[in-house]
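Spelled out, the chains give:
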Amino acid sequence: MGLRRVLLLGEGNFSFAASLCGAEGTHVVATCYESEEDASRCGGAARSIRRLRESGAEVVFSVDCTKLKDYFSPEKREFDCIYFNFPHCGRKAGVVKNRQLLARFFCSSAEVLAEEGEVHVALCNGQGGTPADQPRREWHNSWQIVAVAAGAGFILSNVHPFNAEAIHGYKCTGYRSQDKSFCVEGALNHIFTRSTPPLCFTPRSCKIQLESQKVSFQVPQVLVDKINRGFLEPNSNHPVRTVKEELTAGLSQAFPLQDTDSCLSLLHHGHLDGVCPSNIFWITLSPEEAPRTEEMSHGPAHAVLFSHVDFCQGTEKNVPGGCPSPEQFYLRPSLLPYAQARMQKEGAFLPGTLHVLSGPVFRKCRITPHSMPVFHEVLLVFAVNRGTESSCVQVLVNNITSTIHSLHQTGIKPNINLQEATSSETTERNDFAAFESQLGKIQYFIFVEMDPPGSCEKDFCVGVIRTYRGLVSSELVLVFASLNLDLLAMLLCGISDWRMLWSPDTRFLGQFPRGELRLFRSFSLYPPSYMHDVSFWLPKGERFDEVAFHTLARGVSGEMVVSIQLRDSFQQAGTGRRSLCYRLTFQSCDRALSCRGAAEMQLRLREEIQRQLGVTLR
């Protein structure tokens, strides 16, 4: 293993660099902006420079931190760590000039930093503009360091106090470009790392086995990075798989288990009674590969929901005529219809055996903190004798509860409880529960309550339980328990943003070696957010599909839109034309998003809503 190369910029008296020299396995390159003659006049600088040179460190003068590649040959540009303590333009430069300095510095650092290197920037208390500053300055009056760094592809991965007293021989200097010290009480060291590259928006096709032939279809834009990720595959160490495996292992202690995952198809076709078409990802197969209707009359891709509600309520832009035909395919929104169809077809479910189905399901939904267009569902199905269903459901929930409690090595011990489905309050505040209610009558909701108890934001619906009588025989009752594995994994590991589960950054899965559940530590702290408004006229007489608008925003931004709020609704007198104004908030959870990047997304979104939703921009 080679030496760790450390670059120090903007050294005043070189006392910080001197404190690092002699560290085992480290090669120090210390630089300053001034000439050697000017730098040596600074108190103690000559002594520190001499010590550095004697220890084998390099000392370079007249280095501009915004043009770093000009000072180092290509073979010497791979620095493992870059330090820039208390950068400043000098004299009485304001926050705008210092932001510009940092922006150019970060762009320059990206050209000389090793792929897994770090950039350390120490700032005085309040300058950074992050919640770590106490007290925190107003955003416009800070250096906005996280947003500035994002412009060069960096994310803030750690921040901690800059403890000057602990650095042997260190003396801060350079107040207003003079050999004077300044206050570093409350100063913070910000540690930045490279972000993964932005998402590629290239259209993607997916090939799957459907009946006896292979078919392909174009993946909806919002799902291009989420199809076939293999979270539940045997070699996966993803926390979603760990939760599923631990659940089934715990349930196997109380029930004989039968796993039927291998038969499930991503595509369904046929009617979806009771489900709003706007919530479905409709798919058109490639023309040369689309099977004939008569070939698709049976099999795992054909599924019909049992609840009967008029299907053609509302309008679906992607469905001819606003109402899908029996030949229309769609990505499965649930495993329930498959299980129901299979039971009607086979009818061979022995009482007491627990059948386990699991896999990703896809639902168009509005953008909220816990609304997921795709998540991994586990469906537990078992048949019980009539009259014993209540006690069997309680046994099942008790077993789920004890299994989840056994997983709280993370320090988070959730409370799990059943709530009878007697009011609409649950479905109104929870998108998962709201969609499940479209699939058929629900007997119970399964809630996970986090601390502090009773708080609405800490109370999550993670599953539902249904019972069906007479489906297989008059003596048996079928119990279906559906659980959202992604939400369970988030709650158990302390993951606040569902998007993190899908992050391609290796620093996510690296926190769960061998599938262990641990408390997650974010590698992107205080990500900046940007707000943009969009206003448009609706086509006269047409109902606006808000779910389609949210789905389009998800796809165009690569899930960077975290909030869409209706700001104003206006109806023009005389013409009756209606105008809507929405405020969109852009923010990433795992990669760099700059102000410019968010603005470009906003422009693309404006183009697409006009093209795809038929509105007229204002």
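Model, not experiment: these values are computed from the prediction. (Residues numbered from 1 in each chain as written. Predicted model: local features only at pLDDT ≥ 70, side-chain atom pairs only at ≥ 80, totals over all residues. Heavy atoms only, no water.)

## Considerations on the overall build of the protein chain
Part 1 of the argument: The secondary structure content of the protein chain amounts to 14 helices and 23 strands.
Part 2 of the argument: The buried share of the protein chain, taken over its 618 residues, is 53%.
Part 3 of the argument: A separation threshold of at least 6 residues defines the contact pool for the protein chain, and within that pool the share at least 24 residues apart is 72%. (Helix = DSSP H or I, 4+ residues; strand = E, 2+ residues; numbered from the N terminus. Buried < 20%, exposed > 50% of the residue type's maximum accessible area, 1.4 Å probe, protein only. Contact = heavy atoms within 4.5 Å.)

## Some points on the pattern of salt bridges
Part 1 of the argument: All told, the structure shown has 20 salt bridges when counted by the stated rule.
Part 2 of the argument: One network of salt bridges, with partners in common, ties together Glu37, Asp38 and Arg41. (Salt bridge = Lys/Arg side-chain N within 4 Å of Asp/Glu carboxyl O.)

## A few points about the sheet that holds strand β12 (residues 282–283)
Part 1 of the argument: The sheet built from 3 strands is open, its strands ordered β11-β13-β12 with antiparallel pairing. Sheet topology places β11 (267–269) and β12 at the edges, where each strand pairs with a single neighbour.
Part 2 of the argument: Two elements, β11 and strand β13 (residues 329–331), share 3 bridges in a ladder whose sense is antiparallel. Counterpart to His269 in the pairing with β13 is Phe329. (Pairing = 2+ DSSP bridges.)

## A closer look at helix α11 (residues 485–493)
Part 1 of the argument: In terms of residue burial, α11 counts as a mostly covered element, since 9 of its 9 residues are buried.
Part 2 of the argument: Among the residues making up α11, those that are buried are Leu485, Asp486, Leu487, Leu488, Ala489, Met490, Leu491, Leu492 and Cys493.
Part 3 of the argument: At the N-terminal end of α11, a side-chain oxygen is found 3.1 Å from the backbone nitrogen of Asp486, two or three residues along, and the residue is Asn484.
Part 4 of the argument: Where α11 ends, the next residue or the one after it, Gly494, has phi of about 70 degrees, a positive value. (Polar contact = N/O pair within 3.5 Å; in protein donor to acceptor, adjacent residues only side chain to side chain.)

## Structural notes on the sheet that holds strand β1 (residues 4–9)
Part 1 of the argument: Pairing is mixed in the open sheet, where 7 strands are placed in the order β3-β2-β1-β4-β5-β7-β6. Strands at the two margins of the open sheet, each flanked by one partner only, are β3 (58–60) and β6 (154–161). With direction set aside, neighbouring strand axes in the sheet form an average angle of 20 degrees.
Part 2 of the argument: Looking at chain direction, strand β4 (residues 79–85) and strand β5 (residues 113–123) are connected through 6 bridges and run parallel. Across the sheet, residue Tyr83 finds its bridge partner in β5, namely His120.
Part 3 of the argument: Here helix α4 (residues 95–109) sits on the sheet in contact with β1, β4, β5, β6 and β7 (188–194), set at roughly 155 degrees to β5. (Axes fitted to C-alpha atoms, helices over the stretch in contact; angles between N-to-C directions.)

## A short note on the confidence of the model for the protein chain
Part 1 of the argument: For the protein chain, the mean per-residue pLDDT works out to 84, and 86% of the residues sit at or above 70.
Part 2 of the argument: Counting contacts from residues 293–318, a segment whose pLDDT is below 50, to residues more than four positions away or on other chains yields 75 contacts.
Part 3 of the argument: Note that residues 452–456 has pLDDT below 50 and, in this model, 3 contacts with residues that lie over four places away or in other chains. (pLDDT = per-residue confidence, 0-100.)

## A word on helix α3 (residues 45–54)
Part 1 of the argument: For α3, the set of buried residues is Ala45, Ser48, Ile49 and Leu52. Here the buried residues of α3 occupy an arc of 100 degrees about the axis, which is enough to place them on one side. When the buried face of α3 is taken as reference, the exposed residues oriented beyond 90 degrees from it are Arg47 and Glu54.
Part 2 of the argument: On its buried side, α3 packs onto α1 (15–20), β2 (26–31), α2 (36–40) and β3.
Part 3 of the argument: Of the residues one or two after α3, Gly56 is the one with positive phi, at around 95 degrees. (Arc of directions from axis to C-beta.)

## Quick look at empty space enclosed by the protein
Part 1 of the argument: On inspection of all chains with the given rule, the structure shows 4 cavities of 30 Å³ or more.
Part 2 of the argument: By volume, the largest cavity is sized at about 150 Å³.
Part 3 of the argument: Lining the largest cavity are 15 residues, with Arg499, Gly558, Glu559, Asp590 and Arg591 positioned closest to its centre.
Part 4 of the argument: Taken together, the residues of the lining of the largest cavity break down into 6 nonpolar, 3 polar and 6 charged.
Part 5 of the argument: In this structure, the lining of the largest cavity is formed jointly by two domains, domain 2 (232–265 + 333–510) and domain 3 (530–617), each of which donates at least three residues. (1 Å grid on protein atoms, 1.4 Å probe; cavity = no way out; pocket = protein on both sides within 12 Å on 5 of 7 lines; lining within 4 Å. Points joined across faces, edges and corners; volume = space filled by probe spheres on them. Nonpolar A, V, L, I, M, F, W, Y, C, P; charged D, E, K, R; others polar. Domains from an automatic or database assignment.)

## Topic: the packing of aromatic side chains
Part 1 of the argument: A full pass over the atoms with the stated rule returns 27 aromatic pairs.
Part 2 of the argument: For the pair Phe106 and Phe192, a centre-to-centre distance of 5.0 Å together with 70 degrees between the ring planes defines the contact as edge-to-face. Note that Phe106 is positioned in helix α4 and Phe192 in strand β7, a separation of 86 residues in sequence.
Part 3 of the argument: The interplanar angle of 65 degrees and the centroid separation of 6.5 Å between the aromatic rings of Phe445 and Phe447 together place this pair among those described as edge-to-face. Taken individually, Phe445 and Phe447 each receive the classification buried, so the pair is uniform in this respect.
Part 4 of the argument: Of the aromatic side chains, those joined through ring pairs into one cluster are Phe16, Tyr83, Phe86, Phe162 and Tyr170. (Phe/Tyr/Trp six-rings, centres within 6.5 Å; stacked < 30°, edge-to-face > 60°.)

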